[in-house]
Amino acid sequence: MHDLVAEAQTGSVEAFEALYRAHQSGIYTFIRSQVREAELAADLTQQTFVRAWEALPRLRALGAFRGWLHRIAANLVRDEVKSGRARLEVTVTSLAGDDDEAEIEFPAADTAETVVVANELRDQVRAALAHLPAEQRAAVVMHHLEGLSVTEIAHALGVRPGTVMSRLARAREALRRRLARYVEVEDDLL
Amino acid sequence: MRKARLLLLFLLLSAAAARAEDPAWKAVWRSEEAPARVSLSGRVRTKATLEGKPREATAEVYVSHGKLRLDYQAGARHWSLLDNGQNLIRLQPDQKRARVLRRPQLAFDRALAERNYVARRTRTDTVAGRPVDVIEIAPRGHGNPVWRLWVDRASSFVLKREQYNVDGRLTTATEYLAVDFSARPAAQLFETPADYTREPEQVRGERLGLEALVARAGFPVRRPRYLPPGYVFLSGSFRPEAREPRAEARARLRGSPSGPAATLRYTDGLRILSIVQRPAQLPRGNTARRGRAPENPLEVVDRGDEKVLRRRAGDRVIVVVGDLTQDELVRVANGVE
Amino acid sequence: MTCSELREYLSEVVVGGGSPWRRLRVNRHLRGCASCRAEKAALERAGRLVSRLELESAPVELWDSLRRHVEASVRRRAPRPVDRLVLVGALTVVLLVVGVMFRRPPTVVAPPIVVHTGVVDQDMRAAVDGHVSADYAAPLSDPAAAGLRLESEEEES
């Protein structure tokens, strides 16, 4: 990976393509977990790599490429949220039983809806992930799906490692509660 | 020209570095995170001015790693507030009732707050026998402090705080009279007692796009064309028509508002501005408490912590709530067309 | 360490945090407590379930669009009159600033204003309640004062 980054820094399109192929799914998954629209997620993913290409000659720590790339992505998502351009989607909430005041919440940046799935468990896990607050969800996606270290996540999100740990811990508690039916079993195949 | 570019770059980097390293802001954010790190028990006195009327209460406080419990006493009244990180729960011990209040999951941008406000350490002091640093937070470039925080040196926990509104009036103040950081409050303190009656909680349902929302709402949801400087979009919510005729009738009997309403919320990083829109025809159950139907073009209420402004604009009624001057409130409301 | 104390720290330890002393105390308690061991296992399973989710791929056409940009920038990396570009950029910024400064403010309609001493009806009450609820989540909010306000609102309504 170091070699690819160094080669891309000299202007090699082939090396940059290899970097893109290696990191696109991680970046896209992260952005998609923060921004509702698939089209917007794709657009932000492209912008991430465009900015990375333009800033690549200035990157000194070649080993930090992945975390650096995530930082670009996180900043783009944050700017999108701040500007209000992120499309507003709506979640309908209603009281169980008598719905006196059904209320629909639509946060500026919330998780993407699940893609079509065939497996109920995967549905439930994705739904549980979707219900996490955005900042916890970001840490979980980066850590569990992409394998970033706590330090890399902290750098990407501009927070302290302790804050990342705290978000991961709270997210884990919330996921455990939402997936209680699936985790309170003795089946250690899970 | 090259020198000018280098100078500009240097100034931008310095500004960015100064913001990131601002010790007063760092202390503020540490104090925001302190409740997640500490356990304590204590006693506070809290005061608030609501619509011109002063309110005061004392409360026993329990904090345990992000969870909070307050057992209030004001005269003969007792009530409790639980915050377990997911929900706010109001307990009424006399009736053994628990009401789950919405706890919005809103994401506030610290960089936005630092852009719009300046934090300053002013002096040291003592609260509940503990040394504290006093930090003032004021709008950047103009205005009197809006918050004063007395931050415990050892734990970064806020032991006293004062909040002032845009007109410079003190609106809320809370002070710890005693605090014990060695306390380990039991987990049961942050749970609703099993013998309490719980009101139903909200559950999530389907999701809609904005166009579908507007189609369901039956009225156009407009964004404001004017916002006070520094405010950006934060979140929104929509209340549809009650689905069942019985629920609608109950709402009318209670005098609760029924019928659709859409809310957009904006923030400058620390304060919130809410803009509620609904169709102009008032629901039948919406009785005026003081015998006056709200038909006037502009109505204003100064509640202390915030002001409320209502106006009718064509086919919609707009209600704006925020800690703004009356002029700014009017400008925002007039910009929602 | 009691079970309720352990539950405060368990998720932190499971995700890899906590001081060495805390981890020692937690592990010591777990050795003797089946119920807390079960809770730890549930937390760990929850993490494994999430880890099994697959990454999503970006649309396949994304690289084509990106490659065009990258290749165009490689071609553009030829010497160019930088000073002229900087001048044009600076002029654009100046024009934008002047435009913003002299922009006519939105027309303010001035109907009569009626000032009430308090919230007049449930319509306003609903708007205020939602706002106060959201304000609780804001930074620097005072939870003790918020509880006092909530109770006072209940009293008023």
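Cut-offs and rules
Residues numbered from 1 in each chain as written. Chains lettered and ligands numbered in written order. Predicted model: local features only at pLDDT ≥ 70, side-chain atom pairs only at ≥ 80, totals over all residues. Heavy atoms only, no water. Helix = DSSP H or I, 4+ residues; strand = E, 2+ residues; numbered from the N terminus. Buried < 20%, exposed > 50% of the residue type's maximum accessible area, 1.4 Å probe, protein only. Areas by Shrake-Rupley, 256 points an atom, 1.4 Å probe, with all protein chains shown as cover. Core = buried A, V, L, I, M, F, W, Y, C linked by side-chain atoms within 4.5 Å. Contact = heavy atoms within 4.5 Å. Phe/Tyr/Trp six-rings, centres within 6.5 Å; stacked < 30°, edge-to-face > 60°. Lys NZ or Arg CZ within 6 Å of the ring centre and 35° of its normal. Expected span 1.5 Å × (residues − 1). Bend = angle between axes of the 7 residues up to and from the residue. Polar contact = N/O pair within 3.5 Å; in protein donor to acceptor, adjacent residues only side chain to side chain. pLDDT = per-residue confidence, 0-100. Salt bridge = Lys/Arg side-chain N within 4 Å of Asp/Glu carboxyl O. Buried area = accessible area lost by both parts, 1.4 Å probe. Axes fitted to C-alpha atoms, helices over the stretch in contact; angles between N-to-C directions. Parallel < 35°, antiparallel > 145°, perpendicular 65-115°, else oblique. Nonpolar A, V, L, I, M, F, W, Y, C, P; charged D, E, K, R; others polar.

Turning our attention to the overall build of chain A. Regarding its fold elements, chain A presents nine helices and two strands. Mapped in sequence order, the helices and strands of chain A form the string α-α-α-α-β-β-α-α-α-α-α. Looking at the 190 residues of chain A, the share that counts as buried comes to 57%. Working note: accessible area of chain A is about 8,000 Å², and carbon and sulfur atoms make up 48% of it.

One broad trend across soluble globular proteins is that nonpolar side chains are buried collectively. One finds Phe16(A), Phe30(A), Ile31(A), Leu56(A), Phe65(A) and Trp68(A) to be the most contacted residues of the largest nonpolar core, which totals 68 residues. Here Ile31(A) is in contact with Ala41(A), Leu44(A), Thr45(A), Thr48(A), Ala73(A) and Val77(A), once residues within four sequence places are set aside. Among the nonpolar cores identified, the runner-up in size contains 29 residues, and Val38(B), Leu88(B), Tyr136(C) and Ala144(C) belong to it.

The next subject is the packing of aromatic side chains. Overall, the coordinates contain 11 aromatic pairs over all chains when judged by the stated rule. Summarising the aromatic geometry, the rings of Phe16(A) and Phe49(A) are spaced 6.4 Å apart at their centres and angled 75° between planes, so their arrangement reads as edge-to-face. You can see Phe16(A) sitting in helix α2 (residues 13-34) and its partner Phe49(A) sitting in helix α3 (residues 38-55), a full 33 residues away along the chain. For the pair shown, Phe16(A) and Phe49(A) are each scored as buried. Taken together, the ring pairs in this structure connect Phe16(A), Tyr20(A), Phe49(A), Trp53(A) and Trp63(C) into an aromatic cluster. Just above the ring of Trp150(B) sits the side chain of Lys160(B); from NZ or CZ to the centre is 4.4 Å.

Its 15 residues give helix α2 (residues 23-37) of chain B an end-to-end C-alpha distance of 20 Å, which sits within 8% of 21 Å, the value for a rise of 1.5 Å per residue. Along α2(B), the largest kink reaches about 30° and is centred on Ser31(B); proline Pro35(B) follows within four residues of it. As for α2(B), its buried residues are in contact with α8 (161-178) of chain A together with α3 (110-116), β7 (117-127), β8 (130-139), β9 (147-152) and β10 (158-164) of chain B. The residue sitting at the N-terminus of α2(B) and contributing the capping side-chain oxygen is Asp22(B); that oxygen lies 2.9 Å from the backbone nitrogen of Ala24(B).

Moving on to the confidence of the model for chain A. Looking at chain A as a whole, its pLDDT mean stands at 76, while 76% of the residues score no less than 70. In this model residues 87-118 of chain A is a low-confidence stretch, pLDDT under 50, and it forms 128 contacts with partners more than four residues away in sequence or in other chains.

Further remarks concern the environment of Leu43(C). Relative to the helices and strands, Leu43(C) resides in helix α3 (residues 34-51). As for Leu43(C) and Leu10(C), which are separated by 33 residues in sequence, their C-alpha atoms are 8.6 Å apart. Here Leu43(C) is in contact with Arg172(A), Glu173(A), Arg176(A), Leu10(C), Ser11(C) and Val14(C), once residues within four sequence places are set aside.

In this section: the pattern of salt bridges. All names here are of chain B. This structure, assessed with the given rule, holds 36 salt bridges over all chains. Between Asp268 and Arg271 there is a salt bridge, with its nearest N and O atoms 3.9 Å apart. A relative accessible area of 4% places Asp268 in the buried class. Between Glu299 and Arg310 there is a salt bridge; the shortest N-O distance is 3.0 Å. Of this pair, Glu299 sits in strand β17 (residues 298-302) while Arg310 sits in strand β18 (residues 307-313), and the two are 11 residues apart along the sequence. Within the structure, one salt-bridge network assembled from shared partners comprises Arg120, Glu136, Arg148 and Glu162.

Turning next to the interface of chain C and chain A. Across the boundary between the two partners, chain C contributes 36 residues, which contact 45 residues of chain A. When the two sides are added together, the surface that chain C and chain A hide from each other amounts to roughly 3,900 Å², 64% of it contributed by carbon and sulfur. Notably, a salt bridge pairs Arg32(A) with Glu56(C), separated by 3.8 Å at the nearest N-O pair. Linking chain C with chain A are 13 residue pairs in polar contact (both at pLDDT 80 or more), by the criterion used here.

Residue and element names in this part refer to chain A. Two elements in contact, helix α6 (residues 134-145) and α8, have axes separated by 9 Å at closest approach and are oriented at 95°. Classed by the angle they form, the pair α6 and α8 counts as roughly perpendicular. Where α6 approaches α8, its residues Glu135, Gln136, Ala139, Val140, His143 and His144 are matched on the opposing element by Arg167, Leu168, Arg170, Ala171 and Arg172. Residues that form the contact of α6 with α8 fall into these classes: four nonpolar, three polar and four charged.

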